[in-house]
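These are the residues of each chain, in order.
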Amino acid sequence: LGGVSGIVIVDLLTARSWKKISLNSKIVLVMGTILTIGGTLLIYLSDFKNLNIFESLYFCSTARSSGFSINNASEVSEAGASIIAALMFIGDAPASTTAGIKTTTVIVMFVAIVGLITGREPHIFKRRVSKQSIYKAYGLTVISIVFCLVSAYLITAVDQDFSFFDSLFDCIAAFSTDGLCRGD
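Residues numbered from 1 in each chain as written. Predicted model: local features only at pLDDT ≥ 70, side-chain atom pairs only at ≥ 80, totals over all residues. Heavy atoms only, no water.

Enquirer: Can you walk me through the overall build of the protein chain in this structure?
Expert: On a plain count of helices and strands, the protein chain comes out with seven helices and two strands. Across the protein chain, helices and strands are ordered from the amino to the carboxyl terminus as α-α-α-α-α-β-β-α-α. The globule rule puts the C-alpha radius of gyration for 184 residues at 16 Å, and the 17 Å found for the protein chain is close to it. Along the first, second and third principal axes, the C-alpha set of the protein chain runs to 50 × 35 × 30 Å. A buried classification covers 42% of the 184 residues belonging to the protein chain. Pairs at least 24 apart in sequence give 54% of the contacts found in the protein chain among residues at least 6 apart. Only carbon and sulfur atoms are counted for the fraction: they give 66% of the accessible area of the protein chain, which is about 10400 Å². (Helix = DSSP H or I, 4+ residues; strand = E, 2+ residues; numbered from the N terminus. Rg over C-alpha atoms; globule rule 2.2 N^0.38 Å. Buried < 20%, exposed > 50% of the residue type's maximum accessible area, 1.4 Å probe, protein only. Contact = heavy atoms within 4.5 Å. Areas by Shrake-Rupley, 256 points an atom, 1.4 Å probe, with all protein chains shown as cover.)

Enquirer: Could you clarify how one ought to interpret a nonpolar patch on the surface in this entry?
Expert: A contiguous nonpolar surface patch, about 710 Å² in accessible area, is contributed by V142, I145, V146, L149, V150, Y153, L154 and F164. Take the nonpolar patch: its biggest share by element is seven residues, from helix 6 (residues 131–158). Mapped onto the elements, L149 comes out in helix 6. On the basis of relative accessible area, L149 is assigned to the partly exposed category, the value being 37%. (Patch = residues over 30% accessible without salt bridge, like charges linked within 9 Å, V, L, I, M, F, W, Y side chains within 5 Å. Salt bridge = Lys/Arg side-chain N within 4 Å of Asp/Glu carboxyl O.)

Enquirer: Quick question: what am I supposed to make of unusual backbone geometry here?
Expert: When glycine is set aside, most residues are seen to have a negative phi, and most peptide bonds are trans. Positive phi, normally seen in glycine, also occurs at F125, with a value near 50°. One can find F125 in the loop between strand 1 (123–124) and strand 2 (127–128). Note on F125: relative accessible area 37%, which makes it partly exposed.

Enquirer: Teacher, can you tell me more about the packing of aromatic side chains here?
Expert: The relation between two aromatic rings is expressed through the spacing of the ring centres and the mutual angle of the planes. Applying the stated criterion across every chain, the model contains three aromatic pairs. Consider the rings of F89 and F175, whose centres lie 5.5 Å apart with planes at 25°: the pair is stacked. Within this pair, whereas F89 is found in helix 4 (residues 78–90), its partner F175 is found in helix 7 (residues 164–175), the two being separated by 86 residues in sequence. F89 gets classed as buried once you look at its relative accessible area, which sits at 12%. With a centroid separation of 6.4 Å and 50° between ring planes, the pair formed by F147 and F175 is classed as tilted. With F147 in helix 6 and F175 in helix 7, this residue pair connects regions lying 28 residues apart in the sequence. For F147, a relative accessible area of 49% gives the class partly exposed. (Phe/Tyr/Trp six-rings, centres within 6.5 Å; stacked < 30°, edge-to-face > 60°.)

This is how it looks when you write it as C-alpha cells:
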C-alpha cells in the first residue's frame, strides 16, 4: 500500500465512485495496474526457465516498491534485469514511500508523444496536459537518466571488475532507493 500513497487510499475511501476520484488517483491506479501486469509478464517471458509467474510478480512488485527480495537479482537474465531496472526507474505513485521518476511522469511523457504523433493536444482522462508539465516530465527523466549513466560509468571506471550493466542496475536501484543488487 505504500507504493499507492495515502492520498490515493483516502481518495478511494471517500470518493466511492470512479467519476469522483481525483485525476492523480486515476493515473496511479491505471498505471499501477498496467506496470504490474505488463512487468510481471515481461519478466516471466524473459526468464521463464528460472522464474515462475509468482516469482515474476514478486520481482515486479518489489522493483517498484520495497526492494526486499527473496530471490537474488544477479540470477535473473539480463533481459529480465532490464525490465526490473525499468520498473525501479519508474517507481510508483507520487507521495508514496517509493522513489523513481513516478508513474505520473511516465504517463505525461506518453500522452505527449501520442499528442505529437496525432497532432492533438495531450489529454489524460479528458484533461489537457500543460506544456510546462510536459517539459518538467522530460527534464526530470533526462536528468535522472544522465545521473544513473554517469554514476554507472564512474563505478565501472574505478572498479573494472564490475560490468557496466550490473553497475547501471545497481545505480538505478540506488536512485530508486530499492534494495535490489546485481553486483557482489
